[in-house]
Each structure stands twice: as C-alpha cells, then as structure tokens.
Amino acid sequence: MNIQRLFPLVLLLVVGLFAACGDSDSGTTSTPKGGGAVTTPTATATFPADSTMAAIVKKGKITIGVKYDVPLFGLLDPVTKKVDGFDVAIGKEIAKALGLKEEQIEFVEAISANRIPYLQEDKVDLIISTMTINAERKTQIEFSRPYYLAGQSILVKNDNTTIKTVDDLNGKKVCSVQGSTSENNIKAKAPRADLTSFTTYSACVSAMKDGRVEAVSTDDIILAGFASKDQSLKLVGGTFTTEAYGIGMKKGKTDLAKFVDGVLNAMMQDGRWEKLYTQFPGTAPGLPPASDAKAKVPASA
Ligand code: GLU
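Residues numbered from 1 in each chain as written. Predicted model: local features only at pLDDT ≥ 70, side-chain atom pairs only at ≥ 80, totals over all residues. Heavy atoms only, no water.

1. Things to note about the sheet that holds strand β15 (residues 233-236)
Logical step 1: Taking strand neighbours across the sheet as the criterion, the five strands line up as β13-β12-β14-β11-β15 in an open arrangement whose pairing is mixed. Bordering the open sheet on either side are β13 (194-198) and β15, each of which pairs with just one other strand. Pairs of neighbouring strands in the sheet enclose a mean axial angle of 30 degrees, with direction left out of account.
Logical step 2: Bridging between strand β12 (residues 173-177) and strand β14 (residues 215-219) involves two bridges; their strand directions are parallel. (Pairing = 2+ DSSP bridges. Helix = DSSP H or I, 4+ residues; strand = E, 2+ residues; numbered from the N terminus. Axes fitted to C-alpha atoms, helices over the stretch in contact; angles between N-to-C directions.)

2. What about the site of the ligand?
Logical step 1: Around the ligand, the surrounding shell holds 16 residues, and the nearest of these are Lys67, Ser112, Thr130, Tyr201 and Asp219.
Logical step 2: One nitrogen or oxygen atom from the main chain of Thr181 is found 2.8 Å from an oxygen atom belonging to the ligand.
Logical step 3: The separation between an oxygen atom of the ligand and a polar side-chain atom of Tyr201 is 2.6 Å.
Logical step 4: Bound to the protein, the ligand loses 100% of the 280 Å² it would expose on its own.
Logical step 5: Elements supplying a minimum of two residues to the shell around the ligand: α6 (181-189) and β14.
Logical step 6: Across the shell around the ligand, the residue classes tally to four nonpolar, eight polar and four charged. (Near = heavy atom within 4 Å. Polar contact = N/O pair within 3.5 Å; in protein donor to acceptor, adjacent residues only side chain to side chain. Areas by Shrake-Rupley, 256 points an atom, 1.4 Å probe, with all protein chains shown as cover. Nonpolar A, V, L, I, M, F, W, Y, C, P; charged D, E, K, R; others polar.)

3. Re the state of the cysteines
Note: disulfide means a covalent bond formed between the sulfur atoms of two cysteine side chains.
Logical step 1: Taken as a whole, this structure holds one disulfide when the rule is applied.
Logical step 2: Each sulfur of the disulfide joining Cys175 and Cys204 lies 2.1 Å from the other. Measuring handedness by torsion sign, the sulfur bridge of Cys175 and Cys204 sits at about -70 degrees and is left-handed. One end of the pair, Cys175, is in strand β12; the other, Cys204, is in helix α7 (residues 201-209), and 29 residues separate them in sequence. Here the two residues Cys175 and Cys204 agree in accessibility, since each one is buried. (Disulfide = S-S within 2.5 Å. Buried < 20%, exposed > 50% of the residue type's maximum accessible area, 1.4 Å probe, protein only.)

4. Let's talk about the pattern of salt bridges
Logical step 1: Under the defined criterion, the tally for this structure stands at twelve salt bridges.
Logical step 2: Measuring nitrogen to oxygen at the nearest pair gives 2.8 Å for the salt bridge that ties Lys61 to Glu106. Of the two residues, Lys61 sits in the loop between α2 (52-59) and β3 (62-66) while Glu106 sits in strand β7 (residues 105-109), which places them 45 residues apart along the sequence.
Logical step 3: The network of salt bridges with shared partners includes Glu93, Lys96, Asp270 and Arg272. (Salt bridge = Lys/Arg side-chain N within 4 Å of Asp/Glu carboxyl O.)

5. Things to note about the sheet that holds strand β4 (residues 69-70)
Strand pairing in a sheet relies on backbone hydrogen bonds. The paired strands run either parallel or antiparallel.
Logical step 1: Strand order in this open sheet of three strands is β4-β5-β6, and the pairing throughout is antiparallel. Strands with a single pairing partner mark the edges of an open sheet, and in this sheet they are β4 and β6 (83-84).

6. Some remarks on the packing of α2 against helix α9 (residues 254-269)
Logical step 1: Two elements in contact, α2 and α9, have axes separated by 7 Å at closest approach and are oriented at 85 degrees. The orientation of α2 with respect to α9, classified from their angle, is roughly perpendicular. Together, Thr52, Met53 and Ile56 of α2 and Asp255, Leu256 and Phe259 of α9 make up the contact between the two elements. (Parallel < 35°, antiparallel > 145°, perpendicular 65-115°, else oblique. Contact = heavy atoms within 4.5 Å.)

7. Examining the environment of Ala244
Logical step 1: Position of Ala244 among the secondary structure elements: in strand β16 (residues 243-245).
Logical step 2: Residue classification places Ala244 among the buried positions, given a relative accessible area of 8%.
Logical step 3: Discounting residues that sit within four places of it in the chain, Ala244 has contacts with Met131, Thr132, Ile133, Pro146, Tyr148, Leu149, Pro298 and Ala301.

8. Topic: the side chain of Asp125
Logical step 1: Within the secondary structure layout, Asp125 lies in the loop between α4 (115-120) and β8 (126-127).
Logical step 2: Within polar-contact distance, the side chain of Asp125 engages the side chain of Lys59 at 3.0 Å.
Logical step 3: When residues no more than four places from it in sequence are discounted, the contact partners of Asp125 are Ile56, Lys59, Lys61, Ile62, Thr63, Leu119, Gly248, Met249 and Leu256.

9. Here's the deal with the side chain of Thr52
Logical step 1: Tracing the backbone shows Thr52 in helix α2.
Logical step 2: The class for Thr52 is buried, based on a relative accessible area of 13%.
Logical step 3: Other than its neighbours up to four places away in sequence, Thr52 contacts Lys253, Asp255 and Leu256.

10. Some remarks on α9
Logical step 1: For α9, spanning 16 residues, the distance from its first C-alpha to its last is 22 Å, which sits close to the expected 22 Å at 1.5 Å a residue.
Logical step 2: All of the buried residues along α9 are Leu256, Ala257, Phe259, Val260, Val263, Leu264, Met267 and Met268.
Logical step 3: Directly beyond the C-terminal end of α9, a positive phi value near 95 degrees is found at Gly271. (Expected span 1.5 Å × (residues − 1).)

The structure is reproduced here in structure tokens:
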C-alpha cells in the first residue's frame, strides 16, 4: 500500500490521541468503561452510563438558570458580568459534585415565568431561582428537597404610613411578578389590590421608586436584599405565606433529583450551607443566625 495515502490516517490518529490526553487533563470528557459507568475526571463520582448525571458529564457542561436581578440569590455584576448569590453558589457545589469545573458551568437568566418552560424545552439542566416548591409545579417538573425557607412580605418606601399589613394592600397599587407564587398570593389574600405584574422584581422596585406603585410584594428575603441596598425602602407586615425553595429539574429526571438531594443533604451536614448562608442571605439586616435559619428549612415540601 502506498504510504503517502496512509499519511492522513496516521495524522488523524496522532491528533486524536493528543486530543484524548488533553481532555482527560482538562477534565471535560469521560468515556464509558467496562460496566458502562461514567467516571468524572477527578474520579470522585461514578454514574451509570444511562443516567442524567452521566449525560451532563459527557456533555462537559451544565446549564443552570438563575435570577440575574435578585440581590443575595442571583445578581449579575454589570462590570465583571459574573452572577453571584446563594442560588449561584449552590449551583457551583452541584457542578463540583458532578466533577465539573467552574468554567464548565453556564449560568443563564431565568425569570420567574421562564423557569418551567426552560426545563421543559431542555434549555437548562437545573433551575436554582428562588423557586417555591408547590403541588401545581410538582405536576410539571421535579423538585429537590427544600434548601431555604422564605415567606411572602411587603416592601414600601420609608415614608409610607398607610400599608402595614397584607389587608392594607386592598385598594392600593401593588407590584409583583408574572409566574410567581407571590402574584397568586396577592390575588388570594388582597383580592381588591390593584395588581401590576412585571417580569422582574427589580422592575417592580423601580416602579415603586418612581411612584407608579405603592408596594412590592414577594418573598421576604428577596425584598430584604433590595432594602439592604437602598435605605429609602422598608419591609412591613411580617410574612403571610411559607415559601420553601427547591431546585427544579425536568419532569422524569428522578435520578438527577436524587443526586441533587444528596448534594444538598451533604451541604446541610458539613457546614457548607451555613457558610453560604452567612455569605449571602445572612448579610441582610435582621436575618437569624445560620443555625436558626437552617433549622427552619423543612426536610420535604
Ligand atoms: N418564591 C416565589 C416563586 O417561586 C417568588 C419568588 C420568585 O418569583 O422567584 O414564585
């Protein structure tokens, strides 16, 4: 056989060999071996070849939907273009448990109304976006165990003296967000409120600052995040619902839900949860210490 005709084939083999070495070094690829299991590059975790986890590891990337405008949970830094917060940090822990590096995480913005469609359309692998676990949503997606307990409250301007409780929202201009439990709770608990629903909470806060609405209502910790950055705002009315946050996954991906539960349970046992709480939600004024906040998180919802 003509050796020259073989040359491209040899070149391909050599390049392929180098590429394979490179991959195992950079930790992006894993090849099913023997029993078909997929081992992550750091060999910290082995997943059945047909599992959702193995598919993510093989893809070499995890896509996570988070908020981009919610202080303390998911907030985009306009300068660094990096998103940070409690939800983002939990996403990083899950990626690490899969054996992925931080560069292998793609964070995308998931506003409240997009969270379920993004999972259904495979636009994201996980939703970690201040999302309350409830029965209706459970029919559409899988949820992890709860990882944070919030409750709905009210944000007004410091000089507001007329809104003190959820009842006081009746007859007032109130802002909340489309596709949120907060929007539905206002309809149920203050049915005569003049409700405006925007796509984001930051848009609601801007509307209140402009005087277009008198109050913003959603989870206390979201409102506390806005109040901690703006001295002209205050929380009133205590909490009038319970909102247990869970991580959302596509319906049927029960293996991934079990894996994520394992990561969350470990984080709650080994001190990582407390560390992240202290770094993010725990910095808001009036929040309980980490041990008390953790004790409030229910084991299931
Ligand atoms: N936790 C509530 C929800 O999942 C309100 C916060 C939000 O919209 O992200 O709908």
